[in-house]
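Residue-level structural notes
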Amino acid sequence: MGHPLPRQTSSADPGTDDDVGVEGPTLRKPPERQDSPCGRLPLAGPPTDLLDGVARWRRADTGAGLFRLRPVRLEADLPLLHGWMNDPAVAAFWELAGPASRTEAHVAAQLEGDGRSVPCLGLLDGVPMSYWELYRADLDPLARYCRVLPHDTGVHLLIGGARDRGRGLGTTLLDAVVRLVLEHRPRCARVLAEPDVRNHPSVAAFLAAGFRYREEVALPAKRAALMVRDRAAP
């Protein structure tokens, strides 16, 4: 949660003490449809059907404030996203530093695709402070490298501003987003993430949010820690 393979992945969130803001996409999602180990899934209906209408999901009341996901509006949101991607802490894992056109291309590929990946801003009490990519893991190139189940949902995250890192927001918001995914996507049994194994704070934040470490996966752009949170998890 760009170009086909490889996709720099980064489910941003740096750490138990949540230096979140650092983790990017590992296999950038191609616009064409991919086969998955589960078979070729039909893509009938409007694109939003693939992730069950993220734009309509409810707000979540968290200990940090009222949080909601809002799909990116590229023209209006690009300056903010471009600034975040050029923060050295973020750029180290997302690898999208540089001109605004680079960030624009990465986000536009998802907005103009078939709906398998939805880029969103995370708003806390109405203020944009994080960037999220929710994606269908079973329709993503990730499915070539590890076992996925139909309707598995993947998540990439970065906390944008340095002032929002290091105070526990990553774990809090990850938990909120997982609960939103499972509430609004009844066919989804698991939420997945694949942070870079070197990004220890990010891995720790996922663990604190109820994910379990499943295995290390060799992806084209990195070695990833496959993290899984099941519907049955608390």
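Remember, it's a predicted structure, so these values are computed and weren't measured experimentally.

Here we have eight strands laid out as an open sheet, ordered 1-2-3-4-5-6-8-7, and mixed in their pairing. Two strands close off the open sheet at either side, each with one partner strand: strand 1 (60–62) and strand 7 (212–219). Strand after strand, the sheet turns through a mean of 30° between neighbouring axes, direction not considered. Docked against the sheet, helix 5 (residues 200–208) engages strand 5 (153–159), strand 6 (190–193), strand 7 and strand 8 (222–230), running at close to 10° with respect to strand 8.

Judged by nonpolar contacts, the single largest core of 34 residues is most densely connected at Val54, Leu69, Trp132, Leu134 and Phe211. Among the elements of the structure, strand 2 (65–71), strand 3 (117–124), strand 4 (127–136), strand 5, helix 4 (169–184), strand 6, helix 5 and strand 8 are those that each provide at least two residues to this core. Of all hydrophobic cores here, the second largest spans 15 residues; its members include Leu81, Met85, Val90 and Leu123.

By the secondary structure assignment, His106 is in helix 3 (residues 100–111). Side-chain polar atoms of His106 contact the side chain of Glu133, separated by 2.6 Å.

It is worth spelling out the packing of aromatic side chains at this point. By the definition in use, this model includes three aromatic pairs. Relative to Phe211, the ring of Phe206 lies with its centre 5.1 Å away and its plane at 80°, an arrangement referred to as edge-to-face. By relative accessible area, Phe211 is classed as buried at 4%.

Counted residue by residue, strand 3 has eight buried out of eight residues, so it is predominantly covered. Neither face of strand 3 is exposed, since Ser117, Pro119, Leu121 and Leu123 on one face and Val118, Cys120, Gly122 and Leu124 on the opposite face are all buried. Direction of pairing for strand 2 relative to strand 3: antiparallel, over a ladder of five bridges. Counted as the bridge partner of Pro71 is Cys120 from strand 3. By the bridge criterion, eight bridges tie strand 3 to strand 4 in an arrangement that is antiparallel. Looking at strand 4, one finds that Val118 is bridged to Leu134. Where strand 3 hands over to strand 4, the hairpin turn is made up of two residues, of which Asp125 adopts a positive phi near 50°.

With respect to the helices, strands and loops of the structure, Val178 is situated in helix 4. Along the backbone, Val178 and Arg190 are twelve residues apart, and their C-alpha atoms lie at a distance of 8.9 Å. Non-local contacts of Val178, meaning those with residues more than four positions away in its chain, are made with Val191, Phe211 and Arg229.

Next up on the list: helix 4. The end-to-end C-alpha separation of helix 4 is 22 Å, in line with the 22 Å expected for 16 residues at 1.5 Å each. Every buried residue of helix 4 is listed here: Leu169, Gly170, Thr171, Leu173, Leu174, Ala176, Val177, Val178, Leu180, Val181 and Leu182.

Another aspect to go through is the pattern of salt bridges. One pass over the structure, following the stated rule, counts 16 salt bridges. Put simply, Glu183 and Arg58 hold a salt bridge, and the shortest N to O gap is 2.8 Å. Taken as a pair, Glu183 in helix 4 and Arg58 in the segment before strand 1 lie far apart in primary sequence, 125 residues in all. Between Arg223 and Glu216 there is a salt bridge; the shortest N-O distance is 2.5 Å. One connected set of salt bridges, linked through shared partners, spans Asp52, Arg185 and Arg187.

Conventions and cut-offs
- Within each chain, residues carry numbers counting from 1 in the order of the written sequence.
- It should be noted that, the model being predicted, local features are given only for residues of pLDDT at least 70 and side-chain atom pairs only at 80 or more, the latter also being counted only at that level, while totals for whole chains, interfaces and linings use all residues.
- Remark: hydrogens and water are excluded; side-chain values derive from all non-hydrogen atoms of the structure.
- Two strands are counted as paired when DSSP detects at least two bridges linking them.
- Each helix corresponds to a stretch of at least 4 residues labelled H or I by DSSP, and each strand to a stretch of at least 2 residues labelled E; elements are numbered beginning at the N terminus.
- Lines fitted to the C-alpha atoms define the axes, with helices restricted to the stretch that makes contact. Angles between their N-to-C directions range from 0 to 180 degrees.
- Here a residue-residue contact requires only that any non-hydrogen atoms of the pair lie within 4.5 Å.
- Among buried residues, those of type Ala, Val, Leu, Ile, Met, Phe, Trp, Tyr and Cys that are joined through side-chain atoms within 4.5 Å constitute a nonpolar core.
- Working definition: with a 1.4 Å probe on protein chains only, accessible area under 20% of the residue-type maximum means buried, over 50% means exposed, and in between means partly exposed.
- The term polar contact refers here to a pair of N or O atoms within 3.5 Å; inside protein, the definition further demands a hydrogen-donor-capable atom paired with an acceptor-capable atom, and it admits residues adjacent in sequence only when both atoms are side-chain atoms.
- Side-chain rings of Phe, Tyr and Trp, where Trp is taken by its six-membered ring, are said to pair if the distance between their centres is within 6.5 Å; with planes under 30 degrees apart they count as stacked, over 60 as edge-to-face, and otherwise as tilted.
- Here a helix's expected span is defined as the number of its residues, less one, multiplied by 1.5 Å.
- In the sections that follow, a salt bridge refers to a side-chain nitrogen of Lys or Arg positioned within 4 Å of a carboxyl oxygen of Asp or Glu.

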